[in-house]
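# Tertiary structure, described
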Amino acid sequence: MADLKVKIHNLEFKNPVTVASGTFGFGEEMAEFFDLSLLGGIFVKGLTIKNREGHVYPRMAETPSGMLNAVGLQNKGIDYFIDHIYPNIKHLDTHIIANVNGSTVEEYIEVTEKLNDLEKVTAIELNISCPNVKEGGMLFGISCPSAIAVTDAIRKVYKKTLIVKLSPNVTDIAEMARAVEGAGADSISLINTLLGMAINAEKRKPILSTITGGLSGPAIKPVALRMVWQVYHAVKVPIIGIGGIMNATDAIEFFLAGSSAIQVGTANFIDPMASLKIIDGINEYLNRHSFQSVNEIIGLLET
Amino acid sequence: MKVVADHKVVNIQYFSEENYVIQMESPVDIPKIKPGNFAEIKVDNTPGVFLRRPFSILDVDYENKLISFYVKVIGKGTRYIGLYEIGDQINLIYPLGNSFTVSDKDRKVLIVGGGSGIAPFILLGKEMVKNGIEATFLIGGRSQRDIILTKEFAKYGDVLVTTEDGSLGEKGLVTQHSVFISPQFKYDRIYACGPDPMMKAVAIIAQQKEITCEVSLENTMACGFGICLCCVTATQEGNKRVCLEGPVFNSRYLKWQI
Ligand SMILES: Cc1cc2nc3c(=O)[nH]c(=O)nc-3n(C[C@H](O)[C@H](O)[C@H](O)COP(=O)(O)OP(=O)(O)OC[C@H]3O[C@@H](n4cnc5c(N)ncnc54)[C@H](O)[C@@H]3O)c2cc1C
Ligand SMILES: Cc1cc2nc3c(=O)[nH]c(=O)nc-3n(C[C@H](O)[C@H](O)[C@H](O)COP(=O)(O)O)c2cc1C
Ligand code: FES
C-alpha cells in the first residue's frame, strides 16, 4: 500500500480523493452506497444565507461526454444546514468542507461566520465561480479586483483553511490564481463548470430553462488539466484539481499537472462508487511505478 | 443498501420495433421492490449516451433473481438497450425512488397508463390482488401495436383500452374513455403514469370527482439518487426531487398549471 496522505494547508487528508460540491448532496444519500469515511473529504452542496429554490425545470441537458446543469444553487440555507444536516454528518471520519456562496460580499461573510463554530467543518471552499446565479457567483470570479475583495473579506473573518474555487470562464487563469493567493487563500480549487448551452433543433428552443448553464464531465477535462498546470506554475499554495475526472488515470493526470488532491464530480452520477475505485486505482498506479507516496507525483509532469 | 451491479441479459422480447421487454439476472438477491420503484441503467458504448437512463421496474422474480423492464424506444439509449445480446452484462442501480400508496381502506381503484407509463403497474396490480383491492386498468396508446401486456394486466383486474386511431378498444385519448362518464364510476383512488399532458388530464378529472390521484413523473435525470438536484418538480412545499421524494406524487401536492 502506497502512502496516500496529502496535506492541504495545515490539514491532513487520508487520501487525495474528495467529492465535488453539488455532485454528492450533503453525503446523506450516498451513505446508502458506501462508507463515506473512506473518502479524503466531502465538499458539500453550495450554501447560501437564505433558502434558494434554484431555477425551474428543465435544469439539465446531456451533451457529448458531459452535461449542462442550471440547478442555480438550490439549498435550504446555512441555518438549515447547521440545525438539520450537520448533526447527521459530523460523525464522519473525513473532512467536511462547506461550499460558500453569496450575491454580495456581506452574504459571503454572513455564511462564513456561521461556519466558524462548526468543529467538523475543517475548511471552506469559497465559490466565486458559479455560472448559475444572476448576481454574485461567477461575477466575483471573473475579475481580479472583485475576486480579491471577496477573498480578502473572508480571510479576515475565517481562521481555518480557506480554499478559493476558480471559474474557468476567464482569459487568464494564472492571474486570477495569483490574485486570490495574494488575498489570503490557503488553497485553490479548479475548475468550476464552463459556461455552455444546448439547443433542441426540432423545437427551436433552448433545452435549459435558463438558456445557458454549466458544462461538466469528461468534455471539460482537457481545459481543466491545462488550467491546473498553469496555476501550478503561478502560485505556491496547494491545488485541488477538478474537471471530468472519471477514473484513476484521470486523477493521476491531475496530480502530474500539479494538483495535491482532486474532486470527483459528475462521475458520481454515473457510478456512485467512482471515488472508491479511483482511490484503489491511484494506489495501484503508485505501486506499479514504485512510488512510495502520492506526494512524489504532484507536479511531476516531464515537459 | 442499493444494488449496484452488472446484470446478465437473459431475454429480450420485442412486441414491435419500438416496444420490448428486457429481462436480466441479478448476481445478488434482489431486495424488496415496491410498485413505482425504478432503476438506473448504464448504457455502455453508445455514442452520445453519457448518463444512465431511468426505467420503472416492470416485474421481479425474487426466487430466480430476475428483474425486467418495459422499454419504449424514443432515442439513442432506449434503442441501444434493445440491441444487447443474451449473456451481455448491463450495470443497474436499484431500487430507487418512492412508491405508490397501497391502502387497505381502498376497495376499487382505477389505474391509468399511457405509453411506457404502464411499466410500474404490473407490480401495483400484484399488490392490489394481495390486498383484496379491485383494480381496473385503463391503457392508452397511439395504435394497437402500442397496447401490450394486456393479458398480464388481466390477471390482476379488468382491462380497458383506448387507441388514438381506434385500432383497438375505444377511439381517442385515455381521458376520453367512456368509463369516466359511466354512472358506475366509483373509485377510491386513481393512479396515473404516462406523458405529462395525460397525467394532468387524469388529475383534473380526479380533482373534479374528489378522488385521490397519484401520478408518477418522468423528469429527465442526471443521477437518479438525489445528489444532483436536476430532476426537480415544483410542489406546494417548493422544488422536490422526482428521483427521491418521487417519482410518485399526490397530484394535489404538485404545482401543475392545471
Ligand atoms: C422514473 C422514471 C421511470 C421511467 N420508466 C420508463 C419505463 O419503464 N419505460 C420506458 O420506456 N421509459 C421510462 N422512462 C423514460 C426513459 O427514461 C426515457 O425514455 C429515456 O431516458 C430516453 O433515453 P434515450 O437515450 O432513448 O433518449 P434520448 O436520446 O436521450 O432523447 C430522445 C428525445 O427524448 C427527449 N427525452 C428523453 N428523456 C425524456 C424525458 N424523461 N422526458 C421528456 N423528454 C425526454 C429528449 O430531450 C430527446 O428529445 C422513465 C423515466 C423516469 C424518470
Ligand atoms: C449538478 C451540479 C451542481 C453543482 N453545484 C455546485 C455548487 O453548488 N457549488 C460549486 O462550487 N460547484 C458546483 N458544481 C461544480 C462542480 O463542483 C465541479 O466543479 C464541476 O462539475 C466540474 O467537475 P466534474 O467535471 O468532475 O463534474 C456543480 C456541478 C454539477 C454538475
Ligand atoms: S436526478 Fe439527481 S437529484 Fe434527481
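Computed from a predicted model, the values in this text were never measured in an experiment. (Residues numbered from 1 in each chain as written. Chains lettered and ligands numbered in written order. Predicted model: local features only at pLDDT ≥ 70, side-chain atom pairs only at ≥ 80, totals over all residues. Heavy atoms only, no water.)

Turning next to the overall build of chain B. Regarding its fold elements, chain B presents four helices and 16 strands. For chain B, whose C-alpha radius of gyration is 18 Å, the value lies close to the compact-globule estimate of 18 Å for 258 residues. The C-alpha extent of chain B, read off along each of the three principal axes, is 50 × 40 × 35 Å. Within chain B, buried positions represent 57% of all 258 residues. (Helix = DSSP H or I, 4+ residues; strand = E, 2+ residues; numbered from the N terminus. Rg over C-alpha atoms; globule rule 2.2 N^0.38 Å. Buried < 20%, exposed > 50% of the residue type's maximum accessible area, 1.4 Å probe, protein only.)

Before going further, it helps to spend a moment on the confidence of the model for chain B. In this model, chain B carries a mean pLDDT of 95, and residues with pLDDT of at least 70 account for 99%. What the predictor reports for the complex is a pTM of 0.96 with an ipTM of 0.95. (pLDDT = per-residue confidence, 0-100.)

With that settled, consider the site of ligand 2. Neighbouring ligand 2 are 24 residues; Ser21, Lys165, Gly217, Gly244 and Thr266 of chain A lie closest to it. Residue neighbours of ligand 2 fall on chains A and B, so the site bridges chains. The backbone of Ile191 of chain A places a nitrogen or oxygen atom 3.0 Å from an oxygen atom of ligand 2. Relative to its free-state accessible area of 610 Å², ligand 2 is covered by the protein chains to the extent of 98%. The site holding ligand 2 turns out to be the largest cavity. Classifying every residue of the shell around ligand 2 gives seven nonpolar, 15 polar and two charged. (Near = heavy atom within 4 Å. Polar contact = N/O pair within 3.5 Å; in protein donor to acceptor, adjacent residues only side chain to side chain. Areas by Shrake-Rupley, 256 points an atom, 1.4 Å probe, with all protein chains shown as cover. 1 Å grid on protein atoms, 1.4 Å probe; cavity = no way out; pocket = protein on both sides within 12 Å on 5 of 7 lines; lining within 4 Å. Sits in = over half its atoms within 2 Å of the grid points. Nonpolar A, V, L, I, M, F, W, Y, C, P; charged D, E, K, R; others polar.)

This brings us to the packing of aromatic side chains. Enumeration over the complete set of coordinates arrives at twelve aromatic pairs over all chains. Aromatic side chains Tyr80 of chain B and Tyr84 of chain B sit 5.5 Å apart centroid to centroid with 80 degrees between the ring planes, which places their arrangement in the edge-to-face category. When its relative accessible area of 27% is taken as the criterion, Tyr80 of chain B is described as partly exposed. Each ring, one from Phe180 of chain B and one from Phe185 of chain B, has its centre 5.6 Å from the other, and the planes form 35 degrees; the classification is tilted. In this structure Phe180 of chain B comes out as buried when scored by relative accessible area, which is 6%. Judged by relative accessible area, Phe185 of chain B falls into the buried class, the value being 13%. Ring pairs connect the aromatic residues Phe26, Phe81 and Tyr86 of chain A, which therefore count as one cluster. Lying over the aromatic face of Tyr187 of chain B, Lys108 of chain B brings its terminal NZ or CZ to 5.0 Å of the ring centre. (Phe/Tyr/Trp six-rings, centres within 6.5 Å; stacked < 30°, edge-to-face > 60°. Lys NZ or Arg CZ within 6 Å of the ring centre and 35° of its normal.)

Turning our eyes to something else, we now look at the layout of surface pockets. By volume, the second largest pocket is sized at about 470 Å³. Secondary structure elements with two or more residues in the lining of the second largest pocket: α1 (78-89) of chain A together with β15 (238-241) of chain B. Considering each element in turn, the lining of the second largest pocket owes the most residues, four residues, to β15 of chain B. Its residues placed into classes, the lining of the second largest pocket shows seven nonpolar, eight polar and ten charged. (Points joined across faces, edges and corners; volume = space filled by probe spheres on them.)

Our focus in this paragraph is the pattern of salt bridges. Tallying each qualifying case throughout the model produces 20 salt bridges over all chains. Note that Asp59 of chain B is salt-bridged to Lys126 of chain B, the shortest N-O span being 2.7 Å. Remark: Lys126 of chain B occurs in helix α2 (residues 121-130) and Asp59 of chain B occurs in strand β5 (residues 59-61); sequence separation between them is 67 residues. Taken together, the shared-partner salt bridges connect Glu29 of chain A together with Arg241 and Glu245 of chain B into one network. (Salt bridge = Lys/Arg side-chain N within 4 Å of Asp/Glu carboxyl O.)

For the rest of this paragraph, the subject is a nonpolar patch on the surface. A cluster of nonpolar residues, Met197, Ile199 and Ile211 of chain A, forms a patch on the protein surface that exposes about 300 Å² of accessible area. Summarising the element assignment, Ile211 of chain A is placed in the loop between β13 (205-206) and β14 (212-216). (Patch = residues over 30% accessible without salt bridge, like charges linked within 9 Å, V, L, I, M, F, W, Y side chains within 5 Å.)

Quick look at α1 of chain A now. Of all the positions in α1 of chain A, only Ile78, Phe81, Ile85, Tyr86 and Ile89 of chain A are classed as buried. Projected onto a plane normal to the axis of α1 of chain A, the buried residues spread over an arc of 105 degrees and lie on a single side. (Arc of directions from axis to C-beta.)

Residues and elements named next belong to chain B. As a structural note, the neighbourhood of ligand 1 is formed by 20 residues, with Pro54, Tyr70, Lys72, Gly77 and Thr78 the closest of them. The backbone of Gly75 places a nitrogen or oxygen atom 3.1 Å from an oxygen atom of ligand 1. Protein contacts shield 75% of the accessible area of ligand 1, which totals 920 Å² for the unbound molecule. Counting residues per element, the ones that place at least two in the shell around ligand 1 are β4 (53-56), β6 (66-72) and α1 (76-81).

Here we come to the interface of chain B and chain A. Between chain B and chain A, the residue contacts involve 28 residues of the former and 33 residues of the latter. Between chain B and chain A the total buried area reaches about 2600 Å² when both faces are included, carbon and sulfur atoms providing 63% of it. In terms of surface lost to chain A, no three residues of chain B exceed Phe50, Ile227 and Leu229 of chain B, which account for 29% of the buried area on that side. The closest approach of N and O atoms between Glu62 of chain A and Arg53 of chain B, which form a salt bridge, is 2.8 Å. (Contact = heavy atoms within 4.5 Å. Buried area = accessible area lost by both parts, 1.4 Å probe.)

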